[in-house]
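# Coordinate inspection notes
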Amino acid sequence: MDPLVVIDHGQAGTLFAAVRQLRSAPPLVAFFAVMYYAALRPGEAVDLRKEALALPESG
């Protein structure tokens with residue numbers, strides 16, 4: 001991983017805060033958060049589907 005290309009935690013927080021200012025914020029914040037925390041490439045991120053999501057009952 002090249003630290004000059006990948007954003008750090010502080011930069012990610014700044015990105016999320018900026019996206020929260022947009023009208024369509026909740027889905028976009030979730031999209032960028034999944035990209036950041038799962039380290040997805042753009043091609044992987046655009047292929048995310050709700051049907052492929054599995055969340056625990058609690059927690």
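Residues numbered from 1 in each chain as written. Predicted model: local features only at pLDDT ≥ 70, side-chain atom pairs only at ≥ 80, totals over all residues. Heavy atoms only, no water.

## Describing the overall build of the protein chain
Looking only at helices and strands, the protein chain features three helices and zero strands. Reading the secondary structure of the protein chain in the N-to-C direction produces α-α-α. Based on the C-alpha atoms only, the size of the protein chain along its principal axes is roughly 35 × 30 × 25 Å. Residue burial in the protein chain is summarised as follows: out of 59 residues, 14% are buried. When the accessible area of the protein chain is evaluated, it comes to approximately 5200 Å², of which 63% is carbon and sulfur surface. The positive charge centre, built from 5 side chains, and the negative charge centre, built from 6, are 10 Å apart in the protein chain. (Helix = DSSP H or I, 4+ residues; strand = E, 2+ residues; numbered from the N terminus. Buried < 20%, exposed > 50% of the residue type's maximum accessible area, 1.4 Å probe, protein only. Areas by Shrake-Rupley, 256 points an atom, 1.4 Å probe, with all protein chains shown as cover. Lys, Arg positive; Asp, Glu negative; His and termini not counted. Charge placed at Lys NZ, Arg CZ, Asp CG, Glu CD.)

## Focus on the environment of Ala 45
For Ala 45, the position within the fold is in helix α3 (residues 42-45). Note on Ala 45: relative accessible area 3%, which makes it buried. Along the primary structure Ala 45 and Gly 10 are separated by 35 residues, whereas in three dimensions their C-alpha atoms are 21 Å apart. For Ala 45, the residues in contact, after removing those within four places along its chain, are Phe 31, Met 35 and Leu 40. (Contact = heavy atoms within 4.5 Å.)

## Regarding the pattern of salt bridges
What the rule picks out here adds up to two salt bridges. Glu 44 is the salt-bridge partner of Arg 41, the closest N and O atoms lying 2.8 Å from each other. With a shortest N-O distance of 3.9 Å, Asp 47 and Arg 49 are connected by a salt bridge. (Salt bridge = Lys/Arg side-chain N within 4 Å of Asp/Glu carboxyl O.)

## Some remarks on the packing of aromatic side chains
Tallied over the entire structure, the rule returns four aromatic pairs. Ring geometry for Phe 31 against Phe 32: centres 5.6 Å apart, planes inclined by 70 degrees, an arrangement best described as edge-to-face. With relative accessibility at 28%, the residue Phe 32 sits in the partly exposed group. Both rings, one in Tyr 36 and one in Tyr 37, keep their centres 4.9 Å apart while their planes meet at 75 degrees; by these two values the pair is edge-to-face. For Tyr 37, a relative accessible area of 55% puts it in the exposed group. (Phe/Tyr/Trp six-rings, centres within 6.5 Å; stacked < 30°, edge-to-face > 60°.)

## Remarks on the confidence of the model for the protein chain
Across the protein chain, the average pLDDT comes to 86, with 95% of residues at 70 or higher. Within the protein chain, the lowest mean pLDDT, 86, falls on α3, and the highest, 93, falls on helix α1 (residues 9-20). (pLDDT = per-residue confidence, 0-100.)

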